[in-house]
Amino acid sequence: MREASFIDRNKEKWVSIENNLTNKEDVNPDTLASNYIELTNDLAYAQTFYPKSKTKEYLNELSIRAHQLIYKDQKSSNHQIAHFFQVEVFEAIWAIRRPLLYSFLIFVFAGLIGFVSARYDEGFVRLILGDSYVNMTIENIKAGNPAAVYQDGSNWGGALAITINNVKVAFYAFIFGAFFSLGTGYILFSNGIMVGAFHYMFYKYDVLQEAMSAIWIHGTIELSVIVIAGGCGLAMGNSILFPKSYTRMASFKTATKDAAKVLISTVPFFIVAGTLEGFVTRYYQLSIWLCFGVILLSAAAIVFYYIIRPKQLAIKYKWS
């Protein structure tokens, strides 16, 4: 093809692409990618058949501009992701800090009820945990290994199954908040009672300290994040019940957006908790100091991420 014909055939397209590159703020990312592909194809043709022409130079210049704009958009996208985890998540935590506190109080209160109920009703533990589980645990206690249940199965299989189960519980605690917080309250209360009864069972047989050194290796993060997911659910439900000066729908949308951000932040913690339960908890009898070290580090991570850091940024950015 003669160069003049090549130019006539593609001139309108090149002008359109040049206009797109000039109007940087209005260009669609998909359009930009398509334009870049068109330019590189035409440039390759021009380099082959018109290597010393001004057409090749023009197309090369447009291709460079398109490439730079794509790279800039990619950097901007990366910056947005970083900003989400470095600022937006903490702002959302700060916005729903009261529902998070309510979730913690409900869980602790339910745990105390479970512990006290098991103390004064011998059948309560079996009612909550089931006969087979209680019988198995008693046998493990008599064998000198109260937390032997965490040594069953493979490392990888256990970690994966546990992580999936924890995420499922957290998802229920969150999504049931849409039922005016009642569903979330039920999830928190029932799990709190179960944890309280579970701990009393070990207390009754005088192995609570040893059992806790195993349970809380993963439980520090696992239970904390379930409480956080419950706080997300309460935030969503309370936004319907108490919309303040907003319409219920506007209040619900705002709260759900904040709660979803906080819920996303819990996913890495669930993975860590599942990994600890699958790979570390089973070796709790090797070193009591290692157990305490993991528990303290886990607690410090949760406290920093969900209490200290949000407050620091709230002061810095003057969040209300």
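A quick note: this is a predicted structure, and the numbers were derived from the prediction, not measured.

Novice: Lay out helix α1 (residues 3-22) in plain terms, naming residues and giving numbers.
Specialist: Taking the largest bend as the criterion, α1 deviates by roughly 55 degrees, centred on Asn 10. Taken together, the buried positions of α1 are occupied by Phe 6, Asn 10, Trp 14, Ile 17 and Leu 21.

Novice: So what about the UniProt feature "transmembrane region" (unreviewed entry) in the chain? Which residues, and what values?
Specialist: According to UniProt, the feature "transmembrane region" (unreviewed entry) maps to residues 100-120, 215-241, 262-280 and 286-308 in the numbering used here. The straight-line gap between the two end C-alpha atoms of residues 215-241 is 37 Å; of that span, 100% is helix and 0% is strand.

Novice: If you had to explain the domain arrangement of the chain to someone new, which residues and values would you point to?
Specialist: One can read the domain layout of the chain as domain 1 (3-72) and domain 2 (77-317). Using C-alpha coordinates to define each centre, domain 1 is positioned 54 Å away from domain 2.

Novice: Residue-level account of a nonpolar patch on the surface, with values.
Specialist: On the surface, Leu 101, Tyr 102, Phe 104, Leu 105, Val 108 and Leu 112 cluster together into a nonpolar patch covering about 560 Å² of accessible area. In this fold, Val 108 is placed in helix α4 (residues 97-120). Its relative accessible area of 35% is what places Val 108 among the partly exposed residues.

Novice: How would you sum up the side chain of Asn 10? Please name residues and give values.
Specialist: Along the chain, Asn 10 falls in helix α1. Exposure remark for Asn 10: the relative accessible area of 10% places this residue in the buried category. Among the polar contacts listed, one links the side chain of Asn 10 to the backbone oxygen of Phe 6, at a separation of 2.9 Å.

Novice: Give me the nonpolar core: which residues, what numbers.
Specialist: With 60 residues, the main nonpolar core has Ile 93, Val 125, Phe 202, Val 262 and Tyr 306 as its most contacted residues. A per-element tally of this core places helix α9 (residues 208-241) first, with 12 residues. Leaving out residues up to four positions away in the same chain, Val 125 has contacts with Ala 118, Gly 130, Val 134, Ala 197, Tyr 200 and Met 201.

Novice: Just give me the short version of the packing of aromatic side chains, but keep the residues and values in it.
Specialist: Per the counting criterion, the structure on display carries 23 aromatic pairs. Relative to Tyr 200, the ring of Phe 115 has its centre 5.3 Å away and its plane inclined at 85 degrees; by these criteria the two rings are edge-to-face. Here Tyr 200 lies in helix α8 (residues 182-204) and Phe 115 lies in helix α4, a separation of 85 residues in the sequence. According to the relative accessible area criterion, Phe 115 is partly exposed, its value standing at 27%. Looking at Tyr 200, the relative accessible area reads 10%, which means it is buried.

Calculation criteria
Residues numbered from 1 in each chain as written. Predicted model: local features only at pLDDT ≥ 70, side-chain atom pairs only at ≥ 80, totals over all residues. Heavy atoms only, no water. Bend = angle between axes of the 7 residues up to and from the residue. Helix = DSSP H or I, 4+ residues; strand = E, 2+ residues; numbered from the N terminus. Buried < 20%, exposed > 50% of the residue type's maximum accessible area, 1.4 Å probe, protein only. UniProt positions renumbered as here; feature names shortened; annotations may be inferred. Domains from an automatic or database assignment. Patch = residues over 30% accessible without salt bridge, like charges linked within 9 Å, V, L, I, M, F, W, Y side chains within 5 Å. Areas by Shrake-Rupley, 256 points an atom, 1.4 Å probe, with all protein chains shown as cover. Salt bridge = Lys/Arg side-chain N within 4 Å of Asp/Glu carboxyl O. Polar contact = N/O pair within 3.5 Å; in protein donor to acceptor, adjacent residues only side chain to side chain. Core = buried A, V, L, I, M, F, W, Y, C linked by side-chain atoms within 4.5 Å. Contact = heavy atoms within 4.5 Å. Phe/Tyr/Trp six-rings, centres within 6.5 Å; stacked < 30°, edge-to-face > 60°.

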